[in-house]
There are 2 protein chains.
Amino acid sequence: MAEIDRMLEANQQWAKEFPGSKPVRPARKVAVVACMDARIPLFGVLGLEVGDAHVIRNAGGVITEDVIRSLTISQHALGTREIVLVHHTECGLQTTDDVSFADTVEQATGRRPPWAARAFTDVDQDVRESIRLIRESPYLLSHEVRGTVYDVTTGRLREVS
Amino acid sequence: MAEIDRMLEANQQWAKEFPGSKPVRPARKVAVVACMDARIPLFGVLGLEVGDAHVIRNAGGVITEDVIRSLTISQHALGTREIVLVHHTECGLQTTDDVSFADTVEQATGRRPPWAARAFTDVDQDVRESIRLIRESPYLLSHEVRGTVYDVTTGRLREVS
């Protein structure tokens, strides 16, 4: 069975237990920016309820133009005012570098991507760089941002100072 | 209390119940691309377990260069081969248009964003456009993609044909 068919089937159970509708504006006025990693169920990890927070995720949880677009909409159109970053240990982006990854894609597809993978080595440093990029954005209404690292072997979240 | 402090506190409970570590490669070899909307806890909605799937989310769940970057890493470095899109009813991006949103940001910050908000009117059409953009990407190893709309008032997921 295709994965989407399993998901559509599983969703029937969810719909039966559906807790009811919530407002579109996040109740806790916060947006979370996190890595796409499969081991981070953010609602559980952060204690979020349905309707609490916007959730923005990409490879690495890095700050790209698309993340700034999403945060700008989150703040200007939907009222959020805090930003929380969630990076994590054992990230796939720590096992490569931008040149090696572009080589891999080019060898497999015949096309070299014009964008960088955004690989990194030091996760704490990557969180600090993400905080810096958010603080520098001229489009946000609030630059209140703090960052964390999630340990995928213990489930513990640690703030990066 | 800042929202991050509430999250760090809630995480202590999560860490106590932590189900154990999982491999970095998604077990179900699937990547989900969804909207950042606060009302969509994807693990519950789709019946995902920790470690099953990559989760990529932005405003609208639209296909941007950053989403293609994330999907390319997901497939080339971490072995996923299917893509599932989750858009939803009552999206914030259906209540504005790109020019009005840029006006709003410029009036509030003095700076007009150089990127489009990616507002849309017809959610089914937006899913089809996202499917088209993924199929056209030359960097992916697999273009197996299907799309859905999540009804935020009932909890039901519907495939877009």
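The model shown is predicted, which means the values in this text are computed figures rather than measured ones. (Residues numbered from 1 in each chain as written. Chains lettered and ligands numbered in written order. Predicted model: local features only at pLDDT ≥ 70, side-chain atom pairs only at ≥ 80, totals over all residues. Heavy atoms only, no water.)

**A few points about the packing of helix α4 (residues 98-109) of chain A against helix α3 (residues 65-76) of chain B**
Packing of α4(A) against α3(B) leaves a shortest axis separation of 11 Å and a crossing angle of 75 degrees. What the angle tells us is that α4(A) and α3(B) run roughly perpendicular. Residue-level contacts link Phe101(A), Thr104(A), Val105(A), Ala108(A) and Thr109(A) of α4(A) to Thr72(B), Ile73(B) and His76(B) of α3(B). Of the residues that constitute the contact of α4(A) with α3(B), the class distribution is four nonpolar, four polar and no charged. (Axes fitted to C-alpha atoms, helices over the stretch in contact; angles between N-to-C directions. Helix = DSSP H or I, 4+ residues; strand = E, 2+ residues; numbered from the N terminus. Parallel < 35°, antiparallel > 145°, perpendicular 65-115°, else oblique. Contact = heavy atoms within 4.5 Å. Nonpolar A, V, L, I, M, F, W, Y, C, P; charged D, E, K, R; others polar.)

**Considering the relation of the copies chain A and chain B**
In screw terms, the move from chain A to chain B is a rotation of 180 degrees and a rise of 0.0 Å along the axis, fitting with an RMSD of 0.0 Å. This pairing of chains is accounted for by a two-fold axis. Proximity to the rotation axis, assessed at the C-alpha, singles out Arg57(A) in chain A; its C-alpha lies 2.4 Å from the axis. (Least-squares fit on C-alpha atoms with pLDDT ≥ 70 in both.)

**Points about α4(A)**
In this model, α4(A) (12 residues) spans 16 Å end to end at C-alpha, consistent with the 16 Å of a helix rising 1.5 Å per residue. Looking at the buried positions of α4(A), the neighbouring elements they touch are α3 of chain B. Where α4(A) begins, one side-chain oxygen reaches toward the backbone nitrogen of Val99(A), 3.1 Å away; that side chain belongs to Asp97(A). Once α4(A) ends, the next one or two residues include Gly110(A), with phi positive near 80 degrees. (Expected span 1.5 Å × (residues − 1). Polar contact = N/O pair within 3.5 Å; in protein donor to acceptor, adjacent residues only side chain to side chain.)

**Re the environment of Arg57(B)**
By the secondary structure assignment, Arg57(B) is in strand β2 (residues 53-58). When the C-alpha atoms of Arg57(B) and Asp37(B) are compared, they prove to be 8.8 Å apart, with 20 residues separating the residues in sequence. Apart from residues no more than four positions distant in its own chain, Arg57(B) is found in contact with Phe43(A), Val55(A), Ile56(A), Arg57(A), Ala34(B), Cys35(B), Met36(B), Asp37(B), Ile40(B) and Leu42(B). At 3.0 Å, the side chain of Arg57(B) and the backbone oxygen of Asp37(B) are in polar contact. Only 3.0 Å separates the side chain of Arg57(B) from the backbone oxygen of Ile40(B), close enough to count as a polar contact.

**Observations regarding the interface of chain A and chain B**
Buried accessible area, meaning the area lost when the parts come together, often serves as the stated size of an interface. With 88 residues of chain A at the contact, the number on the chain B side is 88 residues. Taking both partners together, chain A and chain B bury about 7300 Å²; carbon and sulfur atoms supply 66% of that area. On inspection of chain A and its partner chain B, the count reaches four salt bridges. Across the salt bridge formed by Arg28(A) and Glu3(B), the nearest N and O atoms sit 2.4 Å from each other. Viewed at the interface, chain B and chain A are joined by 31 residue pairs in polar contact (both at pLDDT 80 or more). The residue makeup of the side of chain A that touches chain B, split by class, is 48 nonpolar, 20 polar and 20 charged. (Buried area = accessible area lost by both parts, 1.4 Å probe. Salt bridge = Lys/Arg side-chain N within 4 Å of Asp/Glu carboxyl O.)

**Quick look at the pattern of salt bridges**
Counted by the stated rule, this structure contains 26 salt bridges over all chains. For Glu159(B), the salt bridge identified is with Arg146(B), shortest N-O distance 2.8 Å. With Glu159(B) in strand β5 (residues 157-160) and Arg146(B) in strand β4 (residues 145-150), this residue pair connects regions lying 13 residues apart in the sequence. The network of salt bridges with common partners includes Glu3(A), Arg6(A), Arg28(B) and Asp52(B).

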